[in-house]
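Coordinate inspection notes
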Amino acid sequence: MQIGQISPAEPAPKPPARVVTSQEKAAIVVRFLMTEGAHVPIGELPEDLQAELTQQMGSLRRIDRDTLVQVVEEFATELEQTGLTFPKGVAGALSELDGKISAKAAAQIRRRTGVRASGDPWEALRALEPEKLISLIEQESIEVAAVLISKIDVKKAADMLGKMPGERARRITYAVSLTNSVTPDAVDRIGRALIAQMQDEPERAFDNPPVDRIGAILNSSRSAMRDALLDGLDEEDESFASEVRKAIFTFKHIASRVDARDVASVLRVVDNETLVTALAGARDELTKPSADFILANISSRLADQMRESISERGEVGDEEAETAMSDVIAGIRQLADSGEILLSEDVDA
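We now turn to the structure provided with this report. Note that the coordinates shown come from a computational prediction; the quantities given were computed from them, not determined experimentally.

Here the focus is the overall build of the protein chain. Per the secondary structure count, the protein chain includes 20 helices and 0 strands. Residue burial in the protein chain is summarised as follows: out of 349 residues, 30% are buried. For the protein chain, contacts bridging at least 24 residues in sequence account for 73% of all contacts bridging at least 6. With an accessible surface of roughly 23,400 Å², the protein chain has 52% of that area assigned to carbon and sulfur atoms.

Now for the pattern of salt bridges. Within the structure shown, the criterion is met by 14 salt bridges. As a salt-bridge pair, K25 and E74 come within 3.0 Å of each other at their nearest N and O atoms. In this pair, K25 is assigned in helix α1 (residues 22-35) and E74 in helix α3 (residues 65-81), connecting sequence segments 49 residues apart. Residues R283 and D318 are paired through a salt bridge, measuring 3.7 Å at the closest nitrogen-oxygen approach. Placement of the pair is R283 in the loop between α17 (272-281) and α18 (288-296) and D318 in helix α20 (residues 318-337), with a sequence separation of 35 residues. The class for D318 is exposed, based on a relative accessible area of 55%. The network of salt bridges with shared partners includes E131, D159 and K163.

What follows deals with the nonpolar core. One finds F251, I254, L275, L279, I294, V328 and I332 to be the most contacted residues of the largest nonpolar core, which totals 32 residues. At the level of elements, α16 (263-269), α17, α18, α19 (300-313) and α20 are the ones that each hand at least two residues to this core. No other element matches the 7 residues that α20 contributes to this core. Core analysis: the next-biggest nonpolar cluster, separate from the first, contains 25 residues, W122, L133, V144 and A169 among them.

Moving on to α3. Compared with the 24 Å implied by 1.5 Å per residue over 17 residues, the 24 Å span of α3 between its first and last C-alpha is a close match. One side-chain oxygen at the N-terminal end of α3 lies 3.2 Å from the backbone nitrogen of D66; it belongs to D64.

In this section: empty space enclosed by the protein. Applying the stated criterion across every chain, the model contains 1 cavity of 30 Å³ or more. When its volume is computed, the largest cavity comes out at roughly 30 Å³. If you trace the largest cavity, you find it lined by I254, V258, V263, V266, I294, V328 and I332. Counting only elements with at least two residues in the lining of the largest cavity, the list comes to α16 and α20.

Right, let's talk about the packing of helix α12 (residues 210-219) against helix α14 (residues 238-247) for a bit. Axis separation between α12 and α14 bottoms out at 8 Å; the angle between their running directions is 55°. When the axis of α12 is compared with that of α14, the two are oblique. Here the hand of the crossing between α12 and α14 comes out right-handed. The residues of α14 that touch α12, namely those facing P210, V211, D212, I214, G215, L218 and N219, are F240, E243, V244 and A247. Grouping the amino acids of the contact of α12 with α14 by side-chain chemistry returns 7 nonpolar, 2 polar and 2 charged.

Structurally, the position occupied by T287 is in the loop between α17 and α18. Not counting the four nearest positions on each side in its chain, T287 is found in contact with F251, A282 and M325.

For the rest of this paragraph, the subject is the side chain of R192. Residue position: R192 is located in helix α11 (residues 184-199). Residue R192 is classed as buried on the basis of its relative accessible area, which comes to 18%. Among the polar contacts listed, one links the side chain of R192 to the side chain of D188, at a separation of 2.9 Å.

A separate point is the packing of α1 against α3. Where α1 contacts α3, the two axes come as close as 10 Å, and the packing angle between them is 90°. For the element pair α1 / α3, the angle class is roughly perpendicular. From α1, K25, I28, V29 and F32 reach across to α3, where they touch L68, V71, V72, E74 and F75. Of the residues in the contact of α1 with α3, the class split is 7 nonpolar, no polar and 2 charged.

Here we take up a negative patch on the surface. On the surface, D227, D231, E235, E236, D237 and E238 cluster together into a negatively charged patch. Residue contributions to the negative patch peak at 4 residues, all from helix α13 (residues 223-236). In this fold, E238 is placed in helix α14. Given the relative accessible area of 60%, E238 is considered exposed.

What follows concerns α20. For α20, which comprises 20 residues, the first-to-last C-alpha distance of 28 Å matches the rise-based estimate of 28 Å (1.5 Å per residue) to within 8%. The elements touched by buried residues of α20 are α15 (254-257), α16 and α17. The first or second residue beyond α20 is G339, which carries a positive phi of 85°.

This part is about the environment of E273. Looking at the element boundaries, E273 is found in helix α17. Along the backbone, E273 and R313 are 40 residues apart, and their C-alpha atoms lie at a distance of 9.5 Å.

Cut-off values and rules
- Residues numbered from 1 in each chain as written.
- Predicted model: local features only at pLDDT ≥ 70, side-chain atom pairs only at ≥ 80, totals over all residues.
- Heavy atoms only, no water.
- Helix = DSSP H or I, 4+ residues; strand = E, 2+ residues; numbered from the N terminus.
- Buried < 20%, exposed > 50% of the residue type's maximum accessible area, 1.4 Å probe, protein only.
- Contact = heavy atoms within 4.5 Å.
- Areas by Shrake-Rupley, 256 points an atom, 1.4 Å probe, with all protein chains shown as cover.
- Salt bridge = Lys/Arg side-chain N within 4 Å of Asp/Glu carboxyl O.
- Core = buried A, V, L, I, M, F, W, Y, C linked by side-chain atoms within 4.5 Å.
- Expected span 1.5 Å × (residues − 1).
- Polar contact = N/O pair within 3.5 Å; in protein donor to acceptor, adjacent residues only side chain to side chain.
- 1 Å grid on protein atoms, 1.4 Å probe; cavity = no way out; pocket = protein on both sides within 12 Å on 5 of 7 lines; lining within 4 Å.
- Points joined across faces, edges and corners; volume = space filled by probe spheres on them.
- Axes fitted to C-alpha atoms, helices over the stretch in contact; angles between N-to-C directions.
- Parallel < 35°, antiparallel > 145°, perpendicular 65-115°, else oblique.
- Left-handed = near helix turned anticlockwise from the far one by under 90°.
- Nonpolar A, V, L, I, M, F, W, Y, C, P; charged D, E, K, R; others polar.
- Patch = residues over 30% accessible without salt bridge, like charges linked within 9 Å, V, L, I, M, F, W, Y side chains within 5 Å.
- Lys, Arg positive; Asp, Glu negative; His and termini not counted.
- Charge placed at Lys NZ, Arg CZ, Asp CG, Glu CD.

Written out as structure tokens, the structure is:
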């Protein structure tokens, strides 16, 4: 080297990437993904792993870029080499297959393996109708019933208490005042036990109870056949026959079960020709009061038009009249099922 000539400075060697443990790598990857805006479902990890991950993230301060690149590249390489992954354990498999296997099969697997159902059991319980909830706690203690009443919607709880025997409702109401000492874990166990009890119920072939099914059939039957079948039911099972009568709703029940203010709604779902035929055919002592009820609860102008149409329609055969009356009843049932009108239950079939 000549005097006065300065040699170029050589670049300083890069320091080796920091050596990190597998636990620290996990914390780095999670932190990196969160920084990039990715959703990391940490809550699905076992609680001990959640605690360990949190502790690792709390212990790390600053990671140099080379270490970050090395950890992320290693993580990406492992992902690329993964061909297929399965959910961890039976609990993971059940979660993955939720909705693809029957609730009964899932409940059997949980009982056999001891795996608890995931999620909040009270969400499913809150969605049940008051009658179903009452049946669930019929054989349960007052304390369990008080917890359930405390966890559901206030209106639904009031509805349930109103449908229970007075003494049991009073005892449950008092027991609610004693629930302050109940732990969250106990509430969770009660919810899961009630859900398991519901899932243990045998599968049913029919959605509706027998009374409703027979009632629906008789609603669509001719009056002579309906009366004969009811007489036969009286001889076989008077109590069942009484319940069936309550489920029956025919043209003669309109005057006693439909609110006068709802007649206008009925006219919206039943076409004019069908209604005129039904009213024209309602001539006997059982059906005429309902025809008069309908005409009395519409405007005077419309009632006069109806009477004129009935007069022009002339005599209607029994079969044609019954068909028209059945169509009117179908329209009223449609309104009741949709909740637009409410039918009175106080009726003799």
